[in-house]
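# Coordinate analysis (summary)
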Amino acid sequence: MSDRAANRRKRQADKRQGWTDGLTADRLGQFGIGVVLTLLVLAALGPVVSPYDPAEQDLSNRLESPSLSHPFGTDQLGRDVLTRLLHGARFSLGIAVAVTTVRLLVGTAVGLVAGYAGGWVDEALMRLVDTLLAFPGIVLALVIAGILGPSLVNVMLALAVVGWASYARLVRSSVLSLREREFVTTARLLGRSRMHIATRHLLPNVVAPVVVLATLDIGSVILGTAGLSFLGLGAQPPTPEWGTMLASGRNYLRQAWWLVNAPGLCIMVTVLGFNLLGDSLRDMLSPTQTAQMEEL
Amino acid sequence: MYKFTRRQALFGAAAGISGLGGYWLRGSESKDDDTFRVGSPWTPDSIDPVTNGWLWRRINVLEPLLTVDYDGTVSPGLATDWHMVNNRTWEFALREGVTFHDGTDVTAATVLPSLTRAFDSSSMAAVPVDAVEATADRTITIQTAVPFSPLPAHCTRGITCPVSPAAIDDDGSVNEPIGTGPFQFENWEAGSTITATANPDYYGSGAHIDTLIYEGITDDQTRRLKLENRELDMARILPNKAADTLASDPDLTAHTYKIPRARYLVFDLDSAPFSDRKVRRAVMHAIDRDHIVASLLNGLGSKAVGPFPSDVTEWAAELEPYEHLPEKARSLLAEAGWEADGDSRIRDGEELSVSIWTYNTRPLLPTIAEVIQTQLQAVGFDVDISVMESSTIKEQAKNGEFDTVLWSSSVLWYPDPDRLSDFVHSETATMFSGYENETVDQHLEAARRIADRDERFKRYAAVQRRIQRDLPLGWLTYYANVIGTRADVEGYQPHPIESCYHLEDVT
């Protein structure tokens with residue numbers, strides 16, 4: 001057997017290995033994407049299709065168990081649980097995207113400035129980031145939301161305030177390694193402004209890890225919102241928010257299990273979906289693979 | 001780092017679900033027949049009668065000078081007789097042959113330190129006691145600063161229960177609840193349980209059970225599950241809905257009975273729109289209280305007319321109820337200048353929007369707030385709800401502007417209608433409506449000075465009629481308590497004011 005044939009076989013084996021790896025990773029990823037897309041469609045269409053109003057009370061139909069006309073039953077005020085969950089999906093997804101966007105924008109900006117400016121600016125910003133990271137996020141969010149008073153907007157604010165630090169960290173470390181690379185030096189020697197270098201040369205190169213982090217972050221923001229609402233700091237009744245629904249359903253645990261299980265399952269599936277999606281994105285965009293792609 | 005975040009997130013979700021599942025996985029424990037276990041929402045946090053005396057009174061370890069009878073009147077306790085010597089002096093004759101659990105005789109001298117301690121405490125600041133004296137071997141004399149006829153009612157409160165002088169340390173703190181009741185203190189675990197045993201030397205008929213275990217279990221569902229799993233013999237204050245399911249279990253019995261407790265709206269009289277009486281009346285006419293009672297309360301409890309439920313106490317005056325008349329509510333709002341504009345109402349370019357503040361330690365309150373929200377929206381209010389901590393509400397409502405608060409409290413937790421002062425007296429009210437009315441103040445103050453019951457009733461009836469008209473508070477519903485017990489528990493009789501559970505009668 002010639003060396004060449006052996007090499008070819010080895011390459012094929014490697015290829016197969018890589019292919020199966022990719023598939024398993026992809027399968028979960030596909031599941032994640034499927035869940036997220038389904039949710040988006042349901043959130044967009046569900047409230048339009050549903051024959052019920054999420055706030056419409058029907059006290060003669062309280063705590064009805066799941067049936068054809070109410071697939072997830074009715075709650076303590078006779079409202080259709082499925083309709084409320086669908087409206088809740090809008091809140092949860094909307095809030096998660098909004099909060100994550102704010103975190104991402106603030107964190108990336110801070111990270112870019114700190115990493116590229118260096119010196120005392122870097123020092124000052126990073127100590128702030130350290131302080132934020134040293135604190136358990138949910139506890140800090142609890143304190144902020146508690147001080148601001150109970151409302152959904154305040155919960156969003158609180159979650160946005162505590163979450164941007166990890167983006168800043170991530171972006172700064174990427175920028176630190178990038179700023180010494182030739183293409184940055186070249187741009188600098190060509191007389192490009194700092195602003196130009198930061199936005200045109202550094203930013204595009206940190207997008208991939210930031211997007212991965214953001215996708216994974218969405219899940220934790222959904223949990224955070226639901227958690228704070230469960231504790232009564234977030235959405236106020238009758239807003240159909242998942243955490244609030246979970247909290248009010250808890251009082252009827254023995255008579256109406258669907259009041260707790262339905263929003264609980266929704267939260268779980270959504271968070272799972274976003275995490276799987278984030279995982280597969282990370283595998284696709286991981287720095288090592290990107291490096292390999294550059295070498296090819 | 002990514003992985004960590006994700007794991008945490010997944011773990012959170014999983015823990016939530018398994019935590020709920022855990023509710024069903026409790027096993028039952030074998031039970032000693034001579035032990036009676038009672039579960040209540042309140043945790044024992046102190047052994048000091050001044051802080052937690054009402055709880056030790058409820059399980060009858062401590063006894064006060066006077067007690068509350070099943071009809072809600074003041075009856076003999078450690079004092080067999082009490083009377084007014086002159087309009088500022090009261091004499092209490094102590095019962096003969098009573099000893100504290102440590103063997104000390106109950107005499108005026110041994111009771112005095114506890115009484116002085118209680119009346120000096122800040123919780124009793126509203127009771128104008130000048131001096132407590134031991135004037136004879138078994139006579140206690142209490143001097144008040146002003147004539148004060150509710151004094152006997154205050155002497156039924158757990159805070160005034162005497163403990164043995166040996167239980168009071170030199171620095172004035174209480175180290176053990178050594179009382180006089182049919183149960184004596186054995187041990188306790190702060191925040192969770194109290195164990196008490198039958199007092200063999202009790203002067204009355206004494207306890208039928210050997211050991212009483214009190215458990216403070218905050219969560220309704222847990223209390224109920226513990227009863228169903230036979231870990232409790234009695235679970236107090238269960239959700240109304242539990243009454244049906246308990247009745248369907250042959251091994252369990254549900255006792256339901258009305259108590260003098262009300263849910264009500266407190267209006268802010270100092271800020272628009274509720275500074276206008278017409279708007280407050282509109283609210284009362286817009287709310288369908290029959291509907292709330294029938295559906296949310298499962299028919300337990302009743303719709304409120306005034307502060308006192310007439311079927312529980314004789315202090316309730318005859319009052320004109322606010323009927324559910326949405327049309328009248330609409331016309332009242334229009335009269336007040338709030339003109340209909342589509343679904344909402346506008347006055348001087350401003351929308352009629354109010355917020356209801358409430359709290360969720362009484363789980364039904366937020367749900368009731370949502371029903372009220374819908375009913376008020378039907379007549380043109382724009383309503384939002386804020387669920388907050390009750391302490392936060394108190395603080396914010398006392399110091400600033402609010403619209404209305406949905407609150408729940410006992411209206412007669414010591415058996416005297418002077419309780420109305422806490423609601424509507426311009427200076428001493430603990431409720432935060434900001435109500436000021438000279439006539440009401442005068443009646444309340446006069447009623448405190450008068451000894452004659454009928455005369456007092458006239459005054460309190462006048463106050464009730466006046467506030468029914470002025471509506472600083474809008475009475476919504478009265479309460480019924482649901483107590484679950486094992487079916488073979490006999491001798492239990494629910495007490496309307498619940499100052500004592502009287503578990504010594506239980507077999």
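What counts and how
- Along each chain, residues carry numbers from 1 onward, in the same order as the chain's sequence is written.
- Chain labels run from A onward and ligand labels from 1 onward, assigned in the order the entries are written.
- Local features in a predicted model are, by the rule used here, given only for residues with pLDDT of at least 70; side-chain atom pairs are given and counted only at 80 or more, and totals for whole chains, interfaces and linings are based on all residues.
- To obtain the side-chain values, all non-hydrogen atoms of the structure were included, while hydrogens and water were left out.
- Between Lys or Arg on one side and Asp or Glu on the other, a salt bridge is scored when a side-chain nitrogen of the former is within 4 Å of a carboxyl oxygen of the latter.
- A helix here means a DSSP run of H or I that spans at least four residues, while a strand means a run of E at least two residues long, and both kinds are numbered starting from the N terminus.
- Relative accessibility thresholds used throughout: buried, under 20% of the residue-type maximum; exposed, over 50%; partly exposed, between the two (1.4 Å probe, protein chains only).
- The predictor reports its confidence for every residue as pLDDT, a score running from 0 up to 100.
- We call two residues in contact when some of their heavy atoms are within 4.5 Å.
- Values labelled buried area give the accessible surface lost by two parts on being combined, using a 1.4 Å probe and summing over both.
- By the criterion applied in these results, polar contacts are pairs of N or O atoms within 3.5 Å in which, for protein atoms, one can donate a hydrogen and the other can accept it, and in which residues neighboring in sequence qualify only through two side-chain atoms.
- Two strands pair under a simple rule: DSSP has to find at least two bridges between them.
- UniProt positions are given in the numbering used here, feature names are shortened, and annotations may be inferred rather than shown by experiment.
- In this description, a disulfide is simply a cysteine sulfur pair whose atoms lie within 2.5 Å.
- Any two rings among Phe, Tyr and Trp, with Trp reduced to its six-membered ring, count as a pair given centres within 6.5 Å; such a pair is stacked if its planes are under 30 degrees apart, edge-to-face if over 60, and tilted if neither.
- Fitted lines through C-alpha atoms serve as axes, helices being fitted only where they are in contact, and the angles separating the N-to-C directions of these axes extend from 0 to 180 degrees.

### Remarks on the pattern of salt bridges
Residues and elements named next belong to chain A. As enumerated under the stated definition, the model contains 37 salt bridges over all chains in all. Two residues, R127 and E123, come together in a salt bridge whose shortest N-O distance is 2.5 Å. Taken together, the positions of R127 and E123, both in helix 3 (residues 119-134) and 4 residues apart, correspond to about one turn of that helix. The exposure class of E123 is partly exposed, given its relative accessible area of 44%.

### Regarding the confidence of the model for chain A
With 88% of its residues at a pLDDT of at least 70, chain A reaches an overall mean of 85. Low pLDDT, under 50, characterises residues 290-296 of chain A; the predicted model gives this stretch 2 contacts beyond four residues in sequence or across chains.

### What about the interface of chain B and chain A?
Each side of the interface is counted separately: chain B has 32 residues, and chain A has 32 residues. Of the roughly 3,100 Å² buried between chain B and chain A, counting both surfaces, carbon and sulfur atoms make up 62%. Counting every contact that joins chain B to chain A gives 2 salt bridges. Where chain B packs against chain A, one counts 7 residue pairs in polar contact (both at pLDDT 80 or more). Only helix 1 (2-22), helix 5 (220-228), helix 8 (289-295), helix 10 (364-377) and strand 18 (382-387) of chain B provide two or more residues apiece to the side of chain B that touches chain A.

### Overview of the sheet that holds strand 16 (residues 350-351) of chain B
Residues and elements named next belong to chain B. Overall, antiparallel pairing links the 3 strands, which are arranged 14-15-16 in an open sheet. Whereas interior strands pair on both sides, the edge strands pair on one side only; in this sheet they are strand 14 (339-341) and strand 16. As judged from the 3 bridges shared by strand 14 and strand 15 (residues 344-347), these two strands associate in the antiparallel manner. Across the sheet, D341 pairs through a bridge with S344, a residue of strand 15.

### Points about the UniProt feature "domain: ABC transmembrane type-1" (unreviewed entry) in chain A
Here the UniProt-annotated "domain: ABC transmembrane type-1" (unreviewed entry) positions come out as residues 89-278 of chain A. Helix makes up 83% of residues 89-278 of chain A and strand 0%, with an end-to-end C-alpha separation of 19 Å.

### Quick look at the UniProt feature "domain: Solute-binding protein family" (unreviewed entry) in chain B
Taking the UniProt record as the reference, the feature "domain: Solute-binding protein family" (unreviewed entry) is found at residues 74-424 of chain B. Along residues 74-424 of chain B, the helical share is 25% and the strand share 28%, with 24 Å between the first and last C-alpha atoms.

### Remarks on unusual backbone geometry
Omega for the peptide link from P237 of chain A to P238 of chain A comes to 5°, which places this bond in the cis form. For P238 of chain A, the position within the fold is in the loop between helix 8 (194-230) and helix 9 (242-249).

### Observations regarding the state of the cysteines
Evaluated as defined, the whole model comprises 0 disulfides over all chains. No disulfide involves C155 of chain B; its sulfur sits 11 Å from that of C161 of chain B, the nearest cysteine.

### Overview of the packing of aromatic side chains
Residues and elements named next belong to chain B. Counted according to the given criterion, the structure contains 17 aromatic pairs over all chains. When the ring of F402 is compared with that of F432, the centres are 5.8 Å apart and the planes differ by 90°; the resulting orientation is edge-to-face. Of this pair, F402 sits in the loop between helix 11 (390-399) and strand 19 (404-410) while F432 sits in the loop between helix 12 (420-424) and helix 13 (438-449), and the two are 30 residues apart along the sequence. By relative accessible area, which is 7% here, F432 ends up buried. Here a set of aromatic residues connected by ring pairs shows up, and it is made of W357, Y359, F402, W407 and F432.

### Concerning the sheet that holds strand 7 (residues 139-144) of chain B
Residue and element names in this part refer to chain B. Ordered by their spatial adjacency, 4 strands build an open sheet running 4-5-7-6, and the pairing between neighbours is antiparallel. Of all the strands in the sheet, the pair left with one neighbour each is strand 4 (79-86) and strand 6 (129-136). This sheet shows a mean twist of 20° between the axes of neighbouring strands, independent of strand direction. Pairing between strand 5 (residues 89-94) and strand 7: 5 bridges, direction antiparallel. If you follow E91 over to strand 7, its bridge partner there is T141. Here helix 3 (residues 108-120) sits on the sheet and contacts strand 5, strand 6 and strand 7; the angle it forms with strand 6, its principal contact strand, is near 175°.

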